[in-house]
Amino acid sequence: MSVEENAETASAETGSSIPAEELARLSDDIISALKTVYDPEIPADIFELGLIYRIDVDDDRMVRIDMTLTAPGCPVAGEMPAWVENAVSTVEGVSGVEVEMTFDPPWTPDRMSEEAKIAVGWY
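Residues numbered from 1 in each chain as written. Predicted model: local features only at pLDDT ≥ 70, side-chain atom pairs only at ≥ 80, totals over all residues. Heavy atoms only, no water.

Under an unreviewed UniProt entry, the name given to the protein chain is FeS assembly SUF system protein, and the organism recorded is Martelella mangrovi.

Have a look at this one:
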């Protein structure tokens, strides 16, 4: 199920105290914020590249994000989580952001959206 589909049904299925409409808006705004963060070596944003593995919004509106990089030795490995945290923390209604870096499972180009594939010339 996609992040967008999860947002629409999460409050009903998980008993979240956040109303479904607000959770959907938060999710859309978080995704929009993530799309402002670009991998400096690839002309596509991190969301379309498939670097975001999980987005959780707690009842207190704390956002927890699991993400990866295209390669463990990526030169911005130390900086990228802060870029993500800064972008998402600007979303109205978010109380805080925690970004966890993971390489399990490893990223592959199969995670890229069609938009990202076109941006990098892999169409």
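**Examining the overall build of the protein chain**
For clarity, the cut-off: Working definition: helices are DSSP H or I runs of at least four residues, strands are E runs of at least two. Numbering for both runs from the N terminus. Burial classes follow relative accessibility: with a 1.4 Å probe on protein chains only, a residue under 20% of its type's maximum area counts as buried, one over 50% as exposed, and anything between as partly exposed. The contact rule is simple, with two residues in contact once any of their heavy atoms fall within 4.5 Å. Note that accessible areas follow from Shrake-Rupley with a 1.4 Å probe, and for residues the cover is restricted to the protein chains shown.
From N to C terminus, the protein chain includes four helices and three strands. Listing each helix as α and each strand as β along the protein chain from the N terminus yields α-α-β-β-α-β-α. Per-residue burial for the protein chain yields a buried fraction of 39% across its 123 residues. Long-range contacts, defined as pairs at least 24 residues apart, comprise 60% of the intrachain contacts of the protein chain with a sequence gap of at least 6. Put simply, the protein chain shows about 6700 Å² of open surface, and 50% of that area lies on carbon and sulfur atoms.

**Describing the pattern of salt bridges**
Which entries qualify depends on this criterion: Salt bridges are identified by distance alone: a Lys or Arg side-chain nitrogen within 4 Å of an Asp or Glu carboxyl oxygen.
Under the criterion given, the structure shown has seven salt bridges. A salt bridge links Lys35 to Glu48; the shortest N-O distance between them is 2.9 Å. On the criterion of sequence distance, the pair formed by Lys35 in the loop between helix H2 (20-34) and strand E1 (52-57) and Glu48 in the loop between H2 and E1 is long-range, its members being 13 residues apart. Here Glu48 falls in the buried class, since its relative accessible area comes to 9%. A salt bridge links Glu98 to Arg64, with the shortest nitrogen-to-oxygen separation between them at 3.3 Å. Here Glu98 is found in strand E3 (residues 96-101), whereas its partner Arg64 is found in strand E2 (residues 62-67), with 34 residues between them in sequence.

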